Amino acid sequence: MPENSTEVTAAGIARLAGVGRAAVSNWRRRHADFPKPVGGTETSPSFALPEVEQWLRDQGKLAEIPLRERVWQQLAGHPAGAVPALVHAGCALLLVRDRPTAWLEITAVSDERMAKVLHLALSDLLTARFGPVTESGDGNGGGPSGCVRAVHTPTADELLPSVPLLRAAAELAAGIGARQAFEFLLGRQLDANPRQFTLTPPDLAELMAALVETGSRPARTVLDPATGTGALLRALSRPTALYGQDADPDLAALTALRLALNSTVESCTVAVRTGDTLRADAFPQLAVDAVLCHPPFNERNWGHDELAYDPRWEYGFPARTESELAWVQHALAHLREGGTAVLLMPPAAASRRSGRRIRADLLRRGALRAVVALPAGAAPPYGIPLHLWVLRKPGTGVRPSPELLLVDTAEPAEPAAATAAATASGGRDRLDWQAVRSAVLDAWEPFDRAERTGPGSDASLGRTGRDRPGVSRVVPVIELLDDDVDLAPARHLPPPTAGGGSAELTRVRERLTEKLRLTATLTPPLADLSDPAHWPLTTVGELARAGALQLRTGGSGTRPGPVLTEYDVLGSTAPSGTLPATPASTDGPPEEPVLVEPGDVVVPVLGGGTVARVIDEATAGAALGRNLQLLRPDPAALDPWFLAGFLRGTANNRQASSYASTATRLDARRLQLPRLPLAEQQRYGAQFRALAAFEDALRLTGRLGGQLVQGMYDGLTDGTVTPK
């Protein structure tokens, strides 16, 4: 085996061969020539990737490893670790993109020679792209003396073990592009280590970027002082200079490379530094058009004792428990006059008494322009409805604005849509980002336009004209300057008129009465009691092998349009998810999603519940979402309602379920069905269909009843409904 050869675990072998880990364990026991472990532990051994590849080919279990999979395995098994290997790959991909001719010349020599020449080429490229390794003062953004560049130039000795990886990464880039290759590898690394990183979801990053890019003065120079993986800066559409800082050297390096690969040398300057932002600001003299920031929350050790006299605390010295208000003032300190900052904040920052004086001063001086409450699930921690604070640097001699915009997107959907999804579980997978984005920007853009153009213009609407009951309100600052200075939007936004008023409540009551009558008529009659039947049984797996049905798994592919999610199946609602419209970074053609057809039976994979949904004409054409399995019966052999009904049997689900950690996983192949003639199947199917209609009527009755009860409570308490 070559020295420093890439190693791969049993899980990696299973991924390469497209099998489960149990199959790899069987190969190790049954085949004496299976490669011997070269590392790892007794319970989790690792194997040499070249030996594994050759064995799989010799056994006919692998025709050719997909290039992207081979590159990922080389990166994941790198002797120095995945992150240093990813940094090396990013440097090489930047050279491939910016200096392709030089790269071809470098790769035409031996590995040892390539490492030496590549070190020199990268030293020149990285200095040109990111500046000197250390700055003598007033470098990019006015950095202090000794400020360290995020991406250091790897030495020849450091590069030598990475040479096979770099050659393969360049080959991948030749097919899909250097940027896409790096995004693929970075995405795999983040997915493989979800607990190591606090990520800003792409949809939220795009919303925050849209808030600073509105208006006639777009954000050209932008700073993210807690850059993480660079998601916020990457979401900007047309910047000319991007500045970032992060305390984690690995994240800072990856972000710098990501941003550089996402832009061109001519169009955008990228300056990312490593260091503790609050204690050692890398850009103390920098003034930018915009600041975007997802700061760490609830930090007690943010520098309170060392920074008491820091000039950034223009609006008051933050308490030890108010680290978020320190980040707010850091952002304002780096804005030019009129510049905009958007920060993701915990909801407590809007109401904690320890921060009320700073909040009051932000309001009095017109620095805080909007507070937006996001739905729970918008960003980690996903169980908390976080806030966005929109700030603007007050101009000299400019009169502070007397108003603050408050927006609450906890329920951005229209009432009917919200009612339809009420019984399904909430969370980030169900978040309607398009509705959230529309609610926020529809409130912010006219408010921002009116502020910029001034009173008397066509864009300057009256306050009442800009208010949307329960969603947004322009509040006079004087109303907020009380003892608490509580800026939580829900405290100042009265809910919409209960259910649309008494007339709407009357309509809901009439619908409820109608559904209650329908429920009574749909109550399925009990069949004659008899001894338990003893049918000959078969399994879904056997039926699939015999061609009586097809098994498909959802969650892959790219396609604009609706997606049927597991929550839609559980709640019997319309498809509510979306797939990306553009392909992910792969070295092959984009994968087509599975589209559901009438008569398909869909079952959730996780949760251990007894749920199966038969697809109707209204749902047909939607893509199958993740954590769902589709069973497509041959109508000449299987009745879909018969199939769905027997899949819902409690005993059937128990014997087909297994447990992974704390989650229950359903193996649809193990589900059992009786062997019955098609005519008998249809007789059972008619009964199962009647049960499904009864269940839907009960579900809708519960929704209408809940809507009526809450509407009556709201109407009686706000005066829109009076008791008789």
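Per an unreviewed UniProt entry, the chain goes by the name N-6 DNA methylase and belongs to Streptomyces sp. 900116325.

Engineer: Explanation requested: the overall build of the chain in the structure shown.
Structural biologist: Secondary structure summary: the chain contains 25 helices and 23 strands in total. The 724 residues of the chain split such that 49% are buried. Long-range pairs, those at least 24 residues apart, make up 73% of the contacts in the chain with a sequence separation of at least 6. Just so you have it, the chain exposes about 34,200 Å², and 52% of that area is on carbon and sulfur atoms.

Engineer: What should I look at first to understand the pairing of strand S8 (residues 335-345) in this one?
Structural biologist: Consecutive side chains along a regular strand alternate between the two faces of the sheet. Among the 11 residues that make up S8, 9 are buried, leaving the element largely enclosed by the rest of the structure. Pairing of strand S7 (residues 288-293) with S8, which is carried by 5 bridges, proceeds in the parallel orientation. Bridged to Ala290 within S8 is Thr340. Crossover handedness for the path S7 to helix H14 (residues 323-333) to S8: right-handed.

Engineer: How should I be thinking about the packing of aromatic side chains in this particular structure?
Structural biologist: Each aromatic ring pair is specified by the distance between its two centres and by the angle formed by the two planes. This model, assessed by the stated rule, comprises 13 aromatic pairs. Ring geometry for Phe646 and Tyr684: centres 5.8 Å apart, planes at 55 degrees, overall tilted. Linking Phe646 in helix H23 (residues 640-647) with Tyr684 in helix H25 (residues 678-718), this pair joins segments that are 38 residues apart in sequence. Residues Phe646 and Phe688 carry aromatic rings whose centres are separated by 5.5 Å and whose planes lie at 80 degrees to one another, so their mutual orientation is edge-to-face. Here the residue Phe646 occupies a position in helix H23, and Phe688 occupies one in helix H25, the gap between them amounting to 42 residues. The structure contains a cluster of three or more aromatic residues connected by ring pairs, namely Trp535, Phe642, Phe646, Tyr684 and Phe688.

Engineer: Can you walk me through unusual backbone geometry in this structure?
Structural biologist: Excluding glycine, a negative phi dihedral is what most residues carry, and trans is how most peptide bonds are arranged. In this chain, Pro380 is followed by Pro381 through a cis amide linkage whose omega measures -5 degrees. Relative to the elements of secondary structure, Pro381 occurs in the loop between strand S9 (368-373) and strand S10 (387-392). Positive phi, close to 55 degrees, is recorded for Asn298, a residue that is not glycine. Tracing the backbone through its elements, the reader meets Asn298 in the loop between S7 and H14.

Engineer: Sorry, what's going on with the environment of Pro84 here?
Structural biologist: Positionally, Pro84 belongs in helix H5 (residues 82-98). Along the backbone, Pro84 and Ser162 are 78 residues apart, and their C-alpha atoms lie at a distance of 9.4 Å.

Engineer: Would you explain the sheet that holds strand S15 (residues 562-564) in this entry?
Structural biologist: Adjacent strands of a sheet pair through backbone hydrogen bonds, lying either parallel or antiparallel. The sheet built from 3 strands is open, its strands ordered S16-S15-S19 with mixed pairing. Edge positions in the sheet fall to strand S16 (577-578) and strand S19 (623-624), since each has one partner strand and no second. Inspection of the sheet shows S15 paired to S19 by 2 bridges, in the parallel sense. In the sheet register, Val563 faces S19, and the bridge partner there is Ala623.

Engineer: Explain the sheet that holds strand S3 (residues 45-48) to me, please; I cannot follow it from the model alone.
Structural biologist: As summarised here, the arrangement of the 3 strands in space is S1-S3-S2, forming an open sheet in which the pairing is antiparallel. The sheet is open, and its two edges are formed by strand S1 (7-9) and strand S2 (39-40), each paired on a single side. Inspection of the sheet shows S2 paired to S3 by 2 bridges, in the antiparallel sense. Bridge pairing in S3 places Gly40 opposite Pro45. Across the face of the sheet, helix H3 (residues 49-58) comes into contact with S1 and S3 while running at roughly 75 degrees to S3.

Engineer: Looking at this structure, I do not really get the confidence of the model for the chain. What am I missing?
Structural biologist: Detailed reading of predicted coordinates is not advised where the pLDDT is low. In the predicted model, the chain carries a mean pLDDT of 84, and 85% of its residues have values of at least 70. At the level of individual helices and strands, the chain shows its lowest average pLDDT in helix H16 (residues 415-420), which scores 36, and its highest in H14, which scores 97. Between residues 136-146, whose pLDDT stays under 50, and residues either more than four places distant or in other chains, the model counts 30 contacts. Counting contacts from residues 456-465, a segment whose pLDDT is below 50, to residues more than four positions away or on other chains yields 12 contacts.

Engineer: What is the right way to read the packing of H23 against H25 from this model?
Structural biologist: A pair of packed helices is characterised by two quantities: the angle between their axes and the separation of those axes. Between H23 and H25, the least distance of the axes is 7 Å, while the angle of their chain directions is 65 degrees. Classified by the interaxial angle, the pair formed by H23 and H25 is roughly perpendicular. By crossing handedness, the relation of H23 to H25 is classed as left-handed. Within the contact between the two elements, H23 uses Trp641, Phe642, Gly645 and Phe646 and H25 uses Gln681, Tyr684, Gly685, Phe688, Arg689 and Ala692. Here the residues of the contact of H23 with H25 sort into 6 nonpolar, 3 polar and 1 charged.

Engineer: Got a minute to help me understand the environment of Arg99 in this structure?
Structural biologist: Mapped onto the elements of the fold, Arg99 is located in the loop between H5 and helix H6 (100-106). Residue classification places Arg99 among the partly exposed residues on the basis of a relative accessible area of 29%. A C-alpha to C-alpha distance of 9.6 Å links Arg99 and Ala121, two positions 22 residues apart in sequence. Not counting residues within four places of it along the chain, the set of residues in contact with Arg99 comprises Leu94, Ala121, Asp124, Leu125 and Ala128. Of the polar contacts made by the side chain of Arg99, one reaches the side chain of Asp124; its length is 2.6 Å.

Engineer: Would you mind going over the pattern of salt bridges with me for this structure?
Structural biologist: Should their charged atoms come close, side chains of opposite charge can pair. Counted according to the given criterion, the structure contains 27 salt bridges. Asp289 serves as the salt-bridge partner of Arg336, at 2.7 Å between the closest nitrogen and oxygen. Linking Arg336 in strand S8 with Asp289 in strand S7, this pair joins segments that are 47 residues apart in sequence. Residue class for Asp289 comes out buried when judged on its relative accessible area of 15%. Notably, a salt bridge pairs Arg632 with Glu597, separated by 3.6 Å at the nearest N-O pair. With Arg632 in strand S20 (residues 628-633) and Glu597 in the loop between S16 and strand S17 (601-604), this pair connects stretches of sequence that are 35 residues apart. Residue Arg632 is classed as buried on the basis of its relative accessible area of 16%. Judged by relative accessible area, Glu597 falls into the partly exposed class, the value being 39%. Bridged by salt links that share partners, the residues Arg648, Glu695, Asp696 and Arg699 form one connected network.

Criteria and cut-off values
Residues numbered from 1 in each chain as written. Predicted model: local features only at pLDDT ≥ 70, side-chain atom pairs only at ≥ 80, totals over all residues. Heavy atoms only, no water. Helix = DSSP H or I, 4+ residues; strand = E, 2+ residues; numbered from the N terminus. Buried < 20%, exposed > 50% of the residue type's maximum accessible area, 1.4 Å probe, protein only. Contact = heavy atoms within 4.5 Å. Areas by Shrake-Rupley, 256 points an atom, 1.4 Å probe, with all protein chains shown as cover. Pairing = 2+ DSSP bridges. Right-handed = clockwise from strand over helix to strand, strands pointing away. Phe/Tyr/Trp six-rings, centres within 6.5 Å; stacked < 30°, edge-to-face > 60°. Axes fitted to C-alpha atoms, helices over the stretch in contact; angles between N-to-C directions. pLDDT = per-residue confidence, 0-100. Parallel < 35°, antiparallel > 145°, perpendicular 65-115°, else oblique. Left-handed = near helix turned anticlockwise from the far one by under 90°. Nonpolar A, V, L, I, M, F, W, Y, C, P; charged D, E, K, R; others polar. Polar contact = N/O pair within 3.5 Å; in protein donor to acceptor, adjacent residues only side chain to side chain. Salt bridge = Lys/Arg side-chain N within 4 Å of Asp/Glu carboxyl O.

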